Amino acid sequence: MSTTATSDDEEVAGATDGAKKQRYKRRKIAIFFAYCGVGYQGMQKNPGAKTIEGDLEEALFHAGAVPEQDRGNPKRYDWARSARTDKGVSAVGQVVSGRFYIDPPGLVERLNQILPAQIRIFGYKRVTASFNSKKFCDRRRYVYLIPVFALDPSCHRDRESVMASLGSGNELVKCLECSERGRKVAGVMGKRSFEAKSTVVQSDISNNGDDINVVKDENLTSEFKDATDSIVQNESSDAKSIIVQSDISSNNGDDINLVKEDNLTSEFKEVADSSVQNEVTDVDIDRKPVEERKFCYGEEEKERFNRILKHYVGSHNFHNFTTRTKAEDPAARRYIISFNANTVVNVEGMDFVKCEVVGQSFMLHQIRKMMGMAVAVMRNCAPESLIETALRKDVHINVPTAPEVGLYLDECLFASYNQKWKDSHEELSMKAYEEEAEGFKMKFIYSHIASTEREEGVVGLWLHSLNHRNYPDLRACNGNAVEGKSPKVDDNADTTEEKTAAVEKNGNNDENAVEGKSPKVDDNADTTEEKTAAVEKNGNNDEVQSTKEEKMTE
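Just so it is clear, the model here is predicted, and its values are computed rather than measured.

Procedures and definitions
Residues numbered from 1 in each chain as written. Predicted model: local features only at pLDDT ≥ 70, side-chain atom pairs only at ≥ 80, totals over all residues. Heavy atoms only, no water. Helix = DSSP H or I, 4+ residues; strand = E, 2+ residues; numbered from the N terminus. Contact = heavy atoms within 4.5 Å. Areas by Shrake-Rupley, 256 points an atom, 1.4 Å probe, with all protein chains shown as cover. Axes fitted to C-alpha atoms, helices over the stretch in contact; angles between N-to-C directions. Parallel < 35°, antiparallel > 145°, perpendicular 65-115°, else oblique. Left-handed = near helix turned anticlockwise from the far one by under 90°. Nonpolar A, V, L, I, M, F, W, Y, C, P; charged D, E, K, R; others polar. UniProt positions renumbered as here; feature names shortened; annotations may be inferred. Buried < 20%, exposed > 50% of the residue type's maximum accessible area, 1.4 Å probe, protein only. Phe/Tyr/Trp six-rings, centres within 6.5 Å; stacked < 30°, edge-to-face > 60°. Lys NZ or Arg CZ within 6 Å of the ring centre and 35° of its normal. Expected span 1.5 Å × (residues − 1). Arc of directions from axis to C-beta. Core = buried A, V, L, I, M, F, W, Y, C linked by side-chain atoms within 4.5 Å. Domains from an automatic or database assignment. Lys, Arg positive; Asp, Glu negative; His and termini not counted. Salt bridge = Lys/Arg side-chain N within 4 Å of Asp/Glu carboxyl O. Polar contact = N/O pair within 3.5 Å; in protein donor to acceptor, adjacent residues only side chain to side chain. Pairing = 2+ DSSP bridges.

**Q** Explain the overall build of the protein chain to me, please; I cannot follow it from the model alone.
**A** Secondary structure assignment for the protein chain yields 15 helices and 14 strands. In the protein chain, once contacts between residues fewer than 6 apart in sequence are set aside, the share between residues at least 24 apart is 73%. In the structure as shown, the protein chain presents an accessible area of about 28700 Å², 46% of it carried by carbon and sulfur atoms.

**Q** Before we go on, may I ask you to explain the packing of helix α7 (residues 299–310) against helix α8 (residues 366–378) in this structure?
**A** Describing two packed helices takes the angle between their axes plus the distance from one axis to the other. With their axes 10 Å apart at the nearest point, α7 and α8 run at an angle of 135 degrees to one another. Accordingly, the angle class assigned to the pair α7 and α8 is oblique. Between α7 and α8 the crossing geometry is right-handed. On α8, the residues touching Glu-301, Arg-304, Phe-305, Ile-308 and Leu-309 of α7 are Met-371, Ala-374, Val-377 and Met-378. Of the residues assigned to the contact of α7 with α8, the class counts are 7 nonpolar, no polar and 2 charged.

**Q** Help me understand the UniProt feature "binding site: substrate" (unreviewed entry) in the protein chain, please; the structure alone is not making it clear to me.
**A** In this numbering, the UniProt entry assigns the feature "binding site: substrate" (unreviewed entry) to Tyr-142. Its location among the elements puts Tyr-142 in strand β6 (residues 139–147). Among the residues examined, Tyr-142 registers a relative accessible area of 7% and is labelled buried. In contact with Tyr-142, not counting residues within four places along its chain, are Ala-83, Arg-84, Thr-85, Cys-355, Glu-356, Val-357, Phe-362, Ile-367, Leu-407, Tyr-408, Leu-409 and Asp-410.

**Q** Can you help me understand the packing of aromatic side chains in this one?
**A** Each aromatic ring pair is described using two quantities: the centre-to-centre distance and the angle formed by the ring planes. A full pass over the atoms with the stated rule returns 17 aromatic pairs. Ring geometry for Tyr-312 and Phe-321: centres 5.6 Å apart, planes at 90 degrees, overall edge-to-face. Each member of the pair Tyr-312 and Phe-321 is classed as buried. Taking NZ or CZ as reference, Lys-125 lies 5.7 Å from the ring centre of Phe-32, over its face.

**Q** Which parts of the structure should I look at to understand α7?
**A** Note that an α-helix has 3.6 residues per turn; residues three or four places apart therefore point the same way. With 12 residues, α7 ought to run about 16 Å at 1.5 Å a step, and its terminal C-alpha atoms sit 16 Å apart, in line with that. Turning to α7, its buried residues number three or more, namely Glu-301, Lys-302, Phe-305, Asn-306, Ile-308 and Leu-309. Projected down its long axis, α7 shows its buried positions confined to an angular sector of 155 degrees, all on one face. Exposed side chains of α7 directed beyond 90 degrees from the buried face belong to Glu-299, Glu-300, Glu-303 and Lys-310. Against β12 (333–347), β13 (350–359), α8 and α9 (385–390) lie the buried residues of α7.

**Q** Which parts of the structure should I look at to understand unusual backbone geometry?
**A** Note on backbone geometry: most residues besides glycine have negative phi, and most peptide bonds are trans. The omega angle of the peptide bond from Asp-103 to Pro-104 is 0 degrees, so this bond is cis rather than trans. By the secondary structure assignment, Pro-104 is in the loop between β4 (90–101) and α2 (107–114). One non-glycine residue, Arg-324, lies in the positive phi region at around 65 degrees. We note that Asn-380 has phi near 65 degrees; this positive angle belongs to a residue other than glycine. Structurally, the position occupied by Asn-380 is in the loop between α8 and α9. A residue is classified by how much of its surface remains accessible, and Asn-380, at 51% relative accessible area, is exposed.

**Q** Is there a simple way to think about the packing of helix α11 (residues 434–456) against helix α12 (residues 458–465) in this case?
**A** In the contact formed by α11 and α12, the axes pass within 6 Å of each other and the chain directions differ by 60 degrees. The angle between α11 and α12 falls in the class oblique. Listed contacts from α12 to Thr-452, Glu-453 and Glu-456 of α11 are Val-458, Val-459, Gly-460 and Leu-461. Across the contact of α11 with α12, the residue classes tally to 3 nonpolar, 2 polar and 2 charged.

**Q** Could you clarify how one ought to interpret the nonpolar core in this entry?
**A** Nonpolar side chains in soluble globular proteins generally cluster together in the buried interior. In terms of nonpolar packing, the biggest core is built from 107 residues, with Phe-33, Phe-305, Tyr-312 and Met-373 touching the most fellow members. When residues in this core are grouped by element, the largest group, 9 residues, is from α8. For this core, the two domains that each supply at least three residues are domain 1 (26–137) and domain 2 (299–407 + 452–475). With near-sequence residues (within four places) excluded, Tyr-312 lies in contact with Phe-318, Phe-321, Ile-336, Phe-339, Met-370, Met-373, Ala-374 and Ile-387.

**Q** Please clarify how α2 should be interpreted in this entry.
**A** Turning to α2, its buried residues number three or more, namely Leu-107, Val-108, Leu-111 and Asn-112. Axial view of α2: buried residues confined to an arc of 130 degrees, hence all on one face. Buried positions along α2 lie against α1 (52–62), β4 and β5 (119–126).

**Q** What is the right way to look at the side chain of Arg-140 in this model?
**A** Structurally, the position occupied by Arg-140 is in strand β6. No salt bridge is formed by the buried Arg-140. Its closest oppositely charged neighbour is Asp-138, at 8.1 Å. Polar contacts involving the side chain of Arg-140 include one to the main-chain carbonyl oxygen of Gln-360, which spans 2.6 Å. Setting aside residues up to four positions removed in sequence, Arg-140 forms contacts with Ser-82, Ala-83, Lys-134, Val-357, Val-358, Gly-359, Gln-360, Ser-361, Phe-362, Leu-409, Glu-411 and Cys-412.

**Q** Help me understand the pattern of salt bridges, please; the structure alone is not making it clear to me.
**A** Side chains that differ in charge, positive against negative, can pair when their charged atoms come close. In this structure the tally under the stated criterion is 17 salt bridges. Ionic pairing is found between Glu-58 and Arg-71, a salt bridge with its closest N-O pair at 2.7 Å. Remark: Arg-71 occurs in the loop between α1 and β3 (80–81) and Glu-58 occurs in helix α1; sequence separation between them is 13 residues. In this structure Glu-58 comes out as partly exposed when scored by relative accessible area, which is 31%. Here the salt bridges do not stand alone but share partners, grouping Arg-26, Asp-70 and Arg-76 into one network.

**Q** Just checking my understanding: could you explain the side chain of Arg-334 for this structure?
**A** With respect to the element layout, Arg-334 can be found in strand β12. Buried charge without a partner: Arg-334 forms no salt bridge, and the closest opposite charge is Asp-329, 7.5 Å away. For Arg-334, the side chain forms a polar contact with the side chain of Ser-361, separated by 2.8 Å.

**Q** I tried to follow the pairing of β4 on my own but got confused; where do I start?
**A** Regular strands place side chains that alternate from one sheet face to the opposite one. Among the 12 residues that make up β4, 12 are buried, leaving the element largely enclosed by the rest of the structure. Of the pairings in the sheet, the one linking strand β2 (residues 24–35) to β4 comprises 9 bridges and is antiparallel in character. Residue pairing across strands places Arg-27 opposite Phe-100, the latter belonging to β4. Relative to β4, β3 runs antiparallel, the two sharing 2 bridges. Looking at the pairing, Arg-81 lines up with Val-96 of β4. Both β4 and strand β14 (residues 407–413) contribute to a ladder of 2 bridges, which runs parallel. Opposite Ser-90, over in β14, you have Tyr-408 as the bridge partner.

Listed below in structure tokens is the structure:
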């Protein structure tokens, strides 16, 4: 063995006096690890930002896998990553590759001691000298956990529906505060230009338990005050407290909002006192909640949701499902291998639908936008045909982006590499780390997703913003979609209103086609009125011709 020091054979440690110097070789390896993305600005290293890659590179240096002269210069040790993840997105089966010093033994243990608990190294495997974890990765599998209630069209409706329900027998009082905060979600319609006036003490938006919200009147919005006043005038009350019950569409329970009299305004007190004087004391004030059908992800819902997700499968132009990528860019065309939602998982008492998507590669925000569109269709905010329209190269629409908290990278697959080098190298897969990866997933990723939804209600807030006011493109073809028609988009139209008018015009022509008539249009007509007159004239001529034929038959 040569004793000359090279880039692959460098002296990294010295022995004591009188002994030979210990020399180690760099080895090309693939490192398997997982991380929880909370608190990080994504996977890829970005100057000035806290990233997973930045922490991992520093840990490799301090563990002795990277020499001092290569610190901060990953190109010198052939650094490559299998997948990039956005801000807040987690991973269970991430893979990076490079030439590292793996001796002395115990590299994995040293790395885990240096890294924070939310980044765990499972192990590494020797690979070929030409291996690159990005180029050799055939496909990536991502998982998005969406709460079951998000697929219920009647749950967390838009703010207009919430305000309209106040004072009725089926109030959405619980959604009042989160719908107010969800009027404009940051990143969708710009920065929030308002302050939430209402404060809910112990608010649970997850809709998975019996929640008691104590609402202080001094912080209530003016709309909620008026609605509560009207309710108190018509309901029996107790001298110390007034209980307003609301039956809210949820998965597991009914919510009771207690409004304390001690915090009521003087005007509200007078109404309460007058109501008490006219009522008999010791009256049972509990009102029986209105019974509604509880939404569950059954076979019918599963079949419909899977049918919606299947529209993405295949090779399509996803320029509407990403940012900063034009339709003409070849990079906008991606291949989706499979997309299904067959499993429901329960995390800390909350049910989630597990949506798995497998593709060759994905663009920025692509999966989150695919999920955003699918949920909009499932909640009847958009027609199913709009997905096919959004995949067209000549159509530009604004697609909603689902929250990042439910998304994580499940595994990177190397099928071609494993097939080619199966006789000489180890198989690159997560099979050897399945048990450890499952434990990390449940402890850090799943628990974070559930706790974030329970405490902050990010999905509930997003659902309130999922309306035609924020996303006018979602209703561009609602009328045609009901009859299974595909809208025609006028590429020459400059504004949304002109495009909508073009769609409605095409819809009228489609109605004539359904009736079996093929209207003749005078191409020489200059105005829409002249063309319409020509169509009616042709229709009358057809009727006259039909009458003549009947007389000849007789």
